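Architecture and fold: a report
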There are 2 protein chains.
Amino acid sequence: MARKQSAADAPLRLDNQICFAVYSAAHAFNRVYKPLLDRLGLTYPQYLVMLVLWERDDVPVKDIGERLFLDSGTLTPLLKRLEAAHLLRRTRSSDDERLVLIALTPQGHALKEKARAVPQSILAASDCSVSELVTMKDEIVALRDRLNAVTGE
Amino acid sequence: MARKQSAADAPLRLDNQICFAVYSAAHAFNRVYKPLLDRLGLTYPQYLVMLVLWERDDVPVKDIGERLFLDSGTLTPLLKRLEAAHLLRRTRSSDDERLVLIALTPQGHALKEKARAVPQSILAASDCSVSELVTMKDEIVALRDRLNAVTGE
DNA sequence: TCACATTTAATTGTTCGCAATTGAATACGC
DNA sequence: GCGTATTCAATTGCGAACAATTAAATGTGA
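None of the values given here were measured: they were computed from a predicted structure. (Residues numbered from 1 in each chain as written. Chains lettered and ligands numbered in written order. Predicted model: local features only at pLDDT ≥ 70, side-chain atom pairs only at ≥ 80, totals over all residues.)

What follows deals with the protein's contact with DNA strand D. Lining the immediate surroundings of DNA strand D are 26 residues, of which Pro60, Lys62 and Gly73 of chain A together with Thr43 and Gly73 of chain B lie closest. Elements supplying a minimum of two residues to the surface near DNA strand D: helix H1 (18-38), helix H3 (61-68) and helix H4 (72-84) of chain A together with helix H2 (44-55) and helix H4 (72-84) of chain B. The class makeup of the residues in the surface near DNA strand D is 7 nonpolar, 9 polar and 10 charged. (Near = placed C-beta within 6 Å. Helix = DSSP H or I, 4+ residues; strand = E, 2+ residues; numbered from the N terminus. Nonpolar A, V, L, I, M, F, W, Y, C, P; charged D, E, K, R; others polar.)

Now the structure itself:
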């Protein structure tokens, strides 16, 4: 029985890869966010850091890293750029001089108000109900956590 | 009524962002793939390019880009690294000299056999049934395509 | 035919993302 | 208290990702 593609090749076909679905969806999100975040003067990873800090600031770099699954190699230069943009300040803790504490400036706090417009634009772009998105989010988070468990997070 | 966090802030909370779920899941996949792909001498984006080429090679750079949603700024240096690794060759088309055709070398074709072990390791790491993964994949792809429709893909 | 637009890769510059290493501060074990 | 281990951020180097530009080849319309 002749086939264009062998059934044995199915596991290697691009369109069968959930990892590619996730990878390409992440890039698609990035492209939708870009024009919205340009107005805030932020990149997407910088926006994530600001989301963390808007919940609670005066936290060490490590805490931000654990929240976002990023290390200091990524965060140190990113935080320096946000400091150069006057959105936050980086100061060594006096209690424990290994820690660098990240605190928002008044401008950093103020940017939160401008950011409130972003999630609703994303919701519109996703063309999807909130409940569907919440369900998908929970499933993806569960998958992520199982993957992270393997590599030891 | 006092609250730790105002309900008005819910749309900006990190854990409510589906984009972050997708973003962090993509990184989690990357970390699981890394040790598997190290054995093949590939990075994850290089693996995706190889998946495309194992389905069909002798294709222009543009076709690979459309398949993976990547542009020449990403692909040109990546393909040069794969060429340096003797997995493929880049040759200008004689029909249309604007095109650079990508063809696998014998080593490039041969690597497919070693790659067959990868998907099953990923499946195990995801700790999830195939049918659940397929459902999730289809949902994520549908979301991705709606997002891409907004930015004009 | 000839000017002009379009297509295609390559290039440049900026920002992530991560592995590996370094150096300083702190915690621990005896 | 002292030597060692651990923690934390910074640094270095490499590989993506993408915007913007460039240059060459091809297509199109008057």
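From this point, things continue past the structure.
As a further point, take the protein's contact with DNA strand C. Around DNA strand C, a shell composed of 26 residues is seen, among which Pro45 and Gly73 of chain A together with Pro60, Lys62 and Gly73 of chain B lie nearest. Contributing elements (two or more residues each) for the surface near DNA strand C: helix H2 (44-55) and H4 of chain A together with helix H1 (18-38), helix H3 (61-68) and H4 of chain B. In the surface near DNA strand C, the residues fall into 7 nonpolar, 9 polar and 10 charged.

One finds Val22, Ala25 and Phe29 of chain A together with Val22, Ala25 and Phe29 of chain B to be the most contacted residues of the largest nonpolar core, which totals 74 residues. Alanine 25 of chain B has contacts with Val22, Ile140, Leu143 and Arg144 of chain A, leaving out every residue within four places of it along the chain. (Core = buried A, V, L, I, M, F, W, Y, C linked by C-beta atoms within 7 Å. Buried ≥ 20, exposed ≤ 12 C-beta atoms within 10 Å, placed from the backbone. Contact = placed C-beta atoms within 7 Å.)

Between chain A and chain B, the superposition needs a rotation of 180° and an axial shift of 0.0 Å, giving an RMSD of 0.0 Å. In the structure described here, the two chain copies are related by an operation that fits a two-fold rotation axis. Considering only C-alpha atoms, the part of chain A nearest the rotation axis is valine 22 of chain A, at 3.1 Å. Comparing interface residues between copies, 100% of those in chain A also sit at the interface in chain B, which points to an isologous, same-surface contact. (Least-squares fit on C-alpha atoms with pLDDT ≥ 70 in both.)

What follows concerns unusual backbone geometry. In this structure, histidine 86 of chain A is a non-glycine residue whose phi angle is positive, near 65°. Along the polypeptide, histidine 86 of chain A turns up in the loop between H4 and strand E2 (88-92). On the basis of neighbour counts, which here come to 11 C-beta atoms within 10 Å, the residue histidine 86 of chain A falls in the exposed class. Despite not being glycine, aspartate 58 of chain B has its phi angle at roughly 60°, a positive value. If you trace the backbone, aspartate 58 of chain B turns up in the loop between H2 and strand E1 (59-60).

On to the pairing of strand E3 (residues 100-104) of chain B. All names here are of chain B. Where E1 and E3 come together, 2 bridges link them in antiparallel fashion. The partner of valine 59 across the bridge, within E3, is isoleucine 102. Bridge count for strand E2 (residues 88-92) against E3 is 5 bridges, and the pairing is antiparallel. What sits directly across from leucine 88, in E3, is leucine 104. (Pairing = 2+ DSSP bridges.)

What follows is about the interface of chain A and chain B. Chain A puts 47 residues into the contact, and the matching count from chain B is 47 residues. Ranked by residues supplied to the side of chain A that touches chain B, first place goes to H1 of chain A with 14 residues.

Before going further, it helps to examine the environment of glycine 65 of chain B. Residues and elements named next belong to chain B. Mapped onto the elements of the fold, glycine 65 is located in helix H3. Classification of glycine 65 by C-beta neighbours within 10 Å gives partly exposed; the count is 18. Expressed as a C-alpha distance, the spacing of glycine 65 and lysine 80, which sit 15 residues apart in the sequence, is 15 Å.

Attention now goes to the sheet that holds E2 of chain A. Ordered in space as E1-E3-E2 (chain A), the 3 strands form an open sheet in which the pairing is antiparallel. Each edge of the sheet is formed by a strand with only one pairing partner; in this case those strands are strand E1 (59-60) and E2 of chain A.

This part takes up helix H6 (residues 117-126) of chain A. Owing to its 3.6 residues per turn, the α-helix aligns residues three or four sequence positions apart on the same side. Of the residues making up H6 of chain A, those classed as buried are Val118, Ala125 and Ser126 of chain A. Along the axis of H6 of chain A, the buried residues cluster in a sector spanning 95°; they form a single face. In H6 of chain A, those exposed residues whose orientation departs by more than 90 degrees from the buried face are Ala117, Gln120 and Ala124 of chain A. Looking at the buried side of H6 of chain A, the elements it contacts are H1, helix H5 (106-115) and helix H7 (130-151) of chain A together with helix H7 (130-151) of chain B. Aspartate 127 of chain A lies just past H6 of chain A and shows a positive phi near 50°. (Arc of directions from axis to C-beta.)

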